[in-house]
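Residues per chain are reported as follows:
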Amino acid sequence: MKNTQSLLAYGIAAEDVVDMLTMMGNITLGDTNKLNSLAYAFSQVFGFEKLRAQEANQMINAGFPVWEYLAEVLEATVGEVQEMSEKGQVLPEHLVEAMKLATSEGGNFYNQMDTMMTTYNAKWEKIKETTEITAGTLTEPLFQLLRDEALPRIQGLLEKFSTFLEENPDL
């Protein structure tokens, strides 16, 4: 919600926000802290109407190699893109194109959230299954002992205690 509000506040069209957040989620592999940082830096680029070194560094720290993708989009070297940025020539639309390149089919971040969730869910389900099997195997003898010996003894003691209380109402 915070990221959506931030993007909207910096003038990003409402109809573009979901796509942009999806791209950012793929780039950050769903890491909330990195996503927040990337969304904030991205919003600032729109606010300043240009990419500054500070926002580029925030994006790099969030896991997005922004200079490399911009170099590909602008058909320039990384050094040339950095010089263009210093002159205020790297615009928000260039950044959007770089993110699209990174997250489209063939890009390093294509469908990364889906991949991470699939991998995570599959591993988590395997852990749960293994834990249940192990717990069942380890506790089966204990439950047999409880069922066959402990519970009948406890029940017998409770019956004797109940009889004792009935016979000694003054206690």
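Our subject in this report is the structure included herewith. Small disclaimer: the values here were computed from a predicted structure and weren't measured.

1. With respect to the overall build of the chain
- Of the regular secondary structure elements, the chain holds eight helices and zero strands.
- Reading the helices (α) and strands (β) of the chain from amino to carboxyl end gives α-α-α-α-α-α-α-α.
- Taking all contacts inside the chain whose residues are at least 6 apart in sequence as the whole, residues at least 24 apart take part in 54%.
- When the accessible surface of the chain is totalled, it reaches about 11,300 Å², and 56% of it is carbon and sulfur.

2. Points about the nonpolar core
- Counting 34 residues, the largest nonpolar core has Met24, Phe42, Leu51, Met59, Phe64 and Val66 as the members making the most contacts within it.
- At the level of secondary structure, the elements contributing two or more residues to this core comprise helix 2 (14–27), helix 3 (32–48), helix 4 (53–61), helix 5 (66–74) and helix 7 (92–103).
- If we skip the residues at most four places from it in the chain, Phe64 touches Ile27, Leu38, Met59, Tyr69, Leu95, Ala98, Met99, Ala102 and Phe109.

3. Describing the packing of aromatic side chains
- Within the structure shown, the criterion is met by four aromatic pairs.
- For the ring pair Phe64 and Tyr69, a centre distance of 5.7 Å and an interplane angle of 20° mean the geometry is stacked.
- In this structure Tyr69 comes out as buried when scored by relative accessible area, which is 8%.
- Seen from their ring centres, Phe64 and Phe109 are 6.5 Å apart, and the 70° between their planes marks the pair as edge-to-face. Taken together, the positions of Phe64 in the loop between helix 4 and helix 5 and Phe109 in the loop between helix 7 and helix 8 (112–167) put the pair 45 residues apart, joining distant regions of the chain.
- Exposure remark for Phe109: the relative accessible area of 11% places this residue in the buried category.
- An aromatic cluster is built from Phe64, Tyr69 and Phe109, whose rings are joined through pairwise contacts.

4. Looking at the environment of Val90
- Tracing the sequence through the fold places Val90 in the loop between helix 6 (78–86) and helix 7.
- With 40 residues separating them in the primary sequence, Val90 and Lys50 have C-alpha atoms 5.6 Å apart.
- Among residues more than four places away in sequence, those in contact with Val90 are Lys50, Leu51, Leu70, Leu74, Val81, Met84 and Ser85.

5. Overview of the pattern of salt bridges
- Summed over all chains, the structure comprises two salt bridges.
- A salt bridge links Arg52 to Glu55; the nearest nitrogen and oxygen atoms lie 2.7 Å apart.
- Relative accessible area serves as the criterion here: at 26%, Arg52 is assigned to the partly exposed category.
- The buried category is assigned to Glu55, whose relative accessible area is 0%.
- Residue Glu97 pairs with Lys100 through a salt bridge whose shortest N-O separation is 3.9 Å. In this pair, Glu97 and Lys100 are both assigned in helix 7, three residues apart and thus about one turn of the helix distant.
- For Glu97, a relative accessible area of 39% gives the class partly exposed.

6. Thoughts on unusual backbone geometry
- Of note, the phi angle at Glu49 is positive, near 60°, even though the residue is not glycine.
- In this fold, Glu49 is placed in the loop between helix 3 and helix 4.
- A residue is classified by how much of its surface remains accessible, and Glu49, at 57% relative accessible area, is exposed.
- You will see that Glu75, though not glycine, has its phi angle at about 50°, which is positive.
- Mapped onto the elements of the fold, Glu75 is located in the loop between helix 5 and helix 6.

Reading guide: rules and limits
Residues numbered from 1 in each chain as written. Predicted model: local features only at pLDDT ≥ 70, side-chain atom pairs only at ≥ 80, totals over all residues. Heavy atoms only, no water. Helix = DSSP H or I, 4+ residues; strand = E, 2+ residues; numbered from the N terminus. Contact = heavy atoms within 4.5 Å. Areas by Shrake-Rupley, 256 points an atom, 1.4 Å probe, with all protein chains shown as cover. Core = buried A, V, L, I, M, F, W, Y, C linked by side-chain atoms within 4.5 Å. Buried < 20%, exposed > 50% of the residue type's maximum accessible area, 1.4 Å probe, protein only. Phe/Tyr/Trp six-rings, centres within 6.5 Å; stacked < 30°, edge-to-face > 60°. Salt bridge = Lys/Arg side-chain N within 4 Å of Asp/Glu carboxyl O.

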